[in-house]
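Residue strings, one per chain:
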Amino acid sequence: QVQLEESGGGLAQTGGSLRLACTASGSFAKISAMGWYRQAPGKQRELVGLITNSGSANTEGPMKGRFTVSRDNARNRVYLQMNDLKPEDTAVYYCNADITVGFTRSLHWGQGTQVTVSP
C-alpha cells in the first residue's frame with residue numbers, strides 16, 4: 001500500500017517562511033510527477049506547483065516567485081519551500097504523486113497539513 005505523509009506545516013507570520021515535506025512509502029515501481037495543492041476554507045482545492053521526476057518544476061499564479069517545489073528522488077520526497085508568506089496562503093496543503101504500482105498508474109494524496117499565516 002502506498003502512503004504519502006506530509007510534514008512541516010504550522011503557524012507563520014506574514015513575511016515568514018515554512019518548508020513542507022512529503023514522503024512516499026510502500027511498495028511501488030515508479031514515482032512520476034509529484035506536486036502540491038492547497039485548499040483554503042470555503043474554497044476549492046487549487047494547484048500550487050508540480051515537479052517531474054527529472055526535476056522540471058512549475059509554480060502557479062500568485063505563488064510564483066515565492067514558493068518553490070523540489071524533490072529528492074532517492075528519498076521519494078517532495079518539498080515545498082514557502083517564502084514571503086501572506087495571510088491568504090492560509091490553507092490545508094496536500095501533496096500528491098503519480099505512482100505506478102505493478103502495472104497500475106494512479107494519483108495518490110497525502111492527508112494534508114495545515115498552514116496558518118498570521119497578519
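One can find the structure itself at the top, above this paragraph.
Residues numbered from 1 in each chain as written. Predicted model: local features only at pLDDT ≥ 70, side-chain atom pairs only at ≥ 80, totals over all residues. Heavy atoms only, no water.

Asks: What is the right way to read the sheet that holds strand 8 (residues 77–82) from this model?
Replies: Strands belonging to one sheet form pairs held by backbone hydrogen bonds; the direction of such a pair is parallel or antiparallel. Here we have 4 strands laid out as an open sheet, ordered 1-3-8-7, and antiparallel in their pairing. Here the strands that pair on one side only, and so sit at the sheet edges, are strand 1 (3–7) and strand 7 (67–72). Pairs of neighbouring strands in the sheet enclose a mean axial angle of 15 degrees, with direction left out of account. Pairing geometry for strand 3 (residues 18–25) and strand 8, over 6 bridges, is antiparallel. Residue pairing for strand 8: Thr23 is matched across the bridge by Arg77. (Pairing = 2+ DSSP bridges. Helix = DSSP H or I, 4+ residues; strand = E, 2+ residues; numbered from the N terminus. Axes fitted to C-alpha atoms, helices over the stretch in contact; angles between N-to-C directions.)

Asks: Would you take a moment to explain the side chain of Asp98 for this structure?
Replies: Tracing the backbone through its elements, the reader meets Asp98 in strand 9 (residues 91–101). Residue classification places Asp98 among the buried residues on the basis of a relative accessible area of 13%. The residues contacting Asp98, other than those within four sequence positions of it, are Lys30, Ile31, Ser32, Ala33, Arg105, Ser106 and Leu107. (Buried < 20%, exposed > 50% of the residue type's maximum accessible area, 1.4 Å probe, protein only. Contact = heavy atoms within 4.5 Å.)

Asks: Would you take a moment to explain the nonpolar core for this structure?
Replies: One finds Trp36, Phe67, Val78, Leu80, Met82 and Tyr93 to be the most contacted residues of the largest nonpolar core, which totals 27 residues. Secondary-structure elements contributing two or more residues to this core are strand 3, strand 4 (30–39), strand 5 (46–51), strand 7, strand 8, strand 9 and strand 11 (113–118). (Core = buried A, V, L, I, M, F, W, Y, C linked by side-chain atoms within 4.5 Å.)

Asks: Sorry if this is basic, but what is going on with the side chain of Arg38 here?
Replies: As for its position among the elements, Arg38 is in strand 4. Reaching out from Arg38, the side chain makes a polar contact with the side chain of Asp89 at a distance of 2.9 Å. At a separation of 3.0 Å, a polar atom in the side chain of Arg38 contacts the side chain of Tyr93. For Arg38, the residues in contact, after removing those within four places along its chain, are Gln44, Arg45, Glu46, Val48, Met63, Phe67, Glu88, Asp89, Ala91, Val92 and Tyr93. (Polar contact = N/O pair within 3.5 Å; in protein donor to acceptor, adjacent residues only side chain to side chain.)

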